[in-house]
Amino acid sequence: MSGLAAFRALSLAIVRGFLRDRASVFFSLVFPLMFLVLFGGLLGSQGQSEVDLVQVGEVALLDEMDPDTRAAFDDTFAVERSDDLAEAVAEVRRGDADVAVEMRGDTLVAHYTETDQVKAAVTQGALRAFVDGTNVAQSGEPPRFVLETERVEDESLETIQFVTPGLLGWAVAMSAAFGAAATLQGWRQTKLLRRLQLAPVSTRTVVAARVAVTLGIALVQMAIFLGLGTAAFGLTLAGSWWMAVPLVVVGTLCFMAIGLLAGALARTTEGAVNAANIVVLPMAFLSGSFFDLDGAPAWLRAVSQVLPLKHLNEGMLDVMVRGEGPSAVLVPMAVLAAFAVVVTLAAARIFRWETT
Amino acid sequence: MADRRSGVRLVDRRGGRVSAAIEVVDLALSYGEVRAVDGVSLEVAEGEFVGVLGPNGAGKTSLLELVEGLRRPDAGTVRVLGQPVWPRDPRLLPRIGVQLQASSFFERLTTREQIHTFASLYGVAPARGDEWLERVGLVDKADTRVEGLSGGQAQRLSIACALVHDPELVFLDEPTAALDPQARRNLWDLLAGINDSGRTVVLTTHYMDEAEVLCDRVAVMDAGRVLRMDTPAALVRGLDAPARITVAPGQLRLDEARALPAVEDAVESLDGVVLVTRDPARVVARLAEDDRLDGVRVQTATLEDVFLDLTGREYRA
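Keep in mind the model is a prediction, meaning the values are calculated, not measured. (Residues numbered from 1 in each chain as written. Chains lettered and ligands numbered in written order. Predicted model: local features only at pLDDT ≥ 70, side-chain atom pairs only at ≥ 80, totals over all residues. Heavy atoms only, no water.)

Caption draft 1: Highlighting the UniProt feature "domain: ABC transporter" (unreviewed entry) in chain B. UniProt records the feature "domain: ABC transporter" (unreviewed entry) at residues 22-248 of chain B, using the numbering of this structure. Overall, residues 22-248 of chain B shows 31% helix and 30% strand. The separation of its end C-alpha atoms is 49 Å. (UniProt positions renumbered as here; feature names shortened; annotations may be inferred. Helix = DSSP H or I, 4+ residues; strand = E, 2+ residues; numbered from the N terminus.)

Caption draft 2: Quick peek at the interface of chain B and chain A. The interface of chain B with chain A comprises 30 residues on the first partner and 23 residues on the second. Taken together, the connections running from chain B to chain A amount to four salt bridges. The partner of D21 of chain A in a salt bridge is R108 of chain B, and the shortest N-O contact between them spans 3.6 Å. Here chain B and chain A share 15 residue pairs in polar contact (both at pLDDT 80 or more) between them. Taken together, the elements giving at least two residues each to the side of chain B that touches chain A come down to α1 (60-68), α2 (111-121) and α4 (151-163) of chain B. When residues of the side of chain B that touches chain A are assigned to their parent elements, the largest contribution, five residues, is made by α2 of chain B. Here the residues of the side of chain B that touches chain A are counted per class, giving 15 nonpolar, seven polar and eight charged. (Contact = heavy atoms within 4.5 Å. Salt bridge = Lys/Arg side-chain N within 4 Å of Asp/Glu carboxyl O. Polar contact = N/O pair within 3.5 Å; in protein donor to acceptor, adjacent residues only side chain to side chain. Nonpolar A, V, L, I, M, F, W, Y, C, P; charged D, E, K, R; others polar.)

Caption draft 3: A look at the packing of aromatic side chains. Across all of its chains, the model carries 13 aromatic pairs over all chains by this definition. A ring pair is formed by F285 of chain A and F291 of chain A, whose centres lie 6.0 Å apart and whose planes are at 45 degrees; its orientation type is tilted. A relative accessible area of 38% places F285 of chain A in the partly exposed class. Look at F291 of chain A and you get partly exposed, because its relative accessible area is 41%. In this structure an aromatic cluster arises from ring pairing among F26, F27, F31, F35, F39, W170, F285, F290 and F291 of chain A. The positively charged end of R184 of chain B is found above the aromatic ring belonging to Y207 of chain B, 3.6 Å away from the centroid. (Phe/Tyr/Trp six-rings, centres within 6.5 Å; stacked < 30°, edge-to-face > 60°. Buried < 20%, exposed > 50% of the residue type's maximum accessible area, 1.4 Å probe, protein only. Lys NZ or Arg CZ within 6 Å of the ring centre and 35° of its normal.)

Dropping the structure here:
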């Protein structure tokens, strides 16, 4: 009997069953992506937004800026032109604009509000700097003091850098655990497991097909996450990111084992999926999938060390964004593999063919 | 009772042994305190269509699962097609086909994908699956997902999946359970044809009429034991139950009826006078002589009477 043909037929049957189950596709692909868009898209643009400036009439100071200064100015201000001072001030008052500027002789007058104190400070500081700079330029003397700024790359990562590995870990954990739990329980309920036992197919082939499909789904999740993160949200992957692939493979096996345990314990398919959920969702919170645990109490961080998802997330952060070498994933992989073996053995001990 | 262990030895008409498709000896299986299968011995010859008949909880499915090799018996042996079934023997599996009680399908596959998947598991060309879909009349449902099939259609697909690799021996566990009468008859036509090529069929059911119509021999099972195993006709004969002859109203008075030869008893009913006799031929001949045959109805004992006689009439949940 050709084990390969049986493997292919079983894998195809499982893939079709998965793709036709809208809930599975939603929860393993769409749902985590919604979180990525939420975190990456909304929280990612927390940097200072532009100041809306209304320029009333001719303002020589602004109109005659050289191109370099103009570019710097446009980084801070979004300029809109108007000829009606009263209307422009009213706009500022309503909050539709942040500042209105006019020239009175040689004086640049800025109308602003203190509603947003940060913006008010930025506006005043920036306009003062422009006026001072123009004065210095007009005097013909080179400036005596020069300020140079150098940005220091800080330890805390930008939102998207931090959020992508964590959410990917959660997505992989969820679909691997749910897939295994629902398959085991569903196939047991319909006696399909028994039926397969009576077909000339080895248990190895059946397990291999299910594992192959789950690994395929996990790698597709990874490709979509990294692709979308890089293309749309400015995710930058560090040099050894590819080591996250074997890490995700071992992580998937680990969470399949957890799903198997849930499937072996539960008596209904719904029960199995709920059991997987009860394990995976709190684990995702405690493993830093949604937010950084650096600010969490020490005991909580200690708890998170015994959770396999924490190790998956940390390993991915190390190689994908923190720029550590390929060997950084070895310890997490070993931890996940150990979990997988222990939990699988437990599931095999608990498993019963009959549900009643 | 055939013998103490409710065993049945198989002999052909010349009295010689027939090669057995299934040999079960002293088989036993308990779940805790419950003896699901309690010392069953039986043989099924090649090409036979055998029914296992019994009330719910009689141990039919457990017996079948032991014979299929799905469970390890507490005691006793099972040989199928000359091979022991336990432990699981991958060389034996392509020679047997099984339909389990539940509809064991891959979720969300269409009818065609389903049978093609099973064909691949048995290393059989997909075209064979298509042939079986035609044979069970599911061609126009080929692109319907299994969740969208009616009960009868699902059973037919399930039977097609069990037979796609053309097994020598096939087990069908309550294939007509939960079907409406039309779907049941419809399925009988299909089932009656599946052993025409010399295939051995073992079927469990709790419908007497089904066993009577389809099976060469029937094993009546209750409380884990095979109470009797024989052809349906021999089982009915062995019951020694009287026939009931109903004569239309106005043809016969009750005292006349009681005076007829071979009549043991007579009672009035709405349909007329009912005569109870063990020699219906003689009674009917007499009625013919007296020209009282109009509207006469003769009812002999059925398998149902045998079944109730053997298993008792008390209500079971």
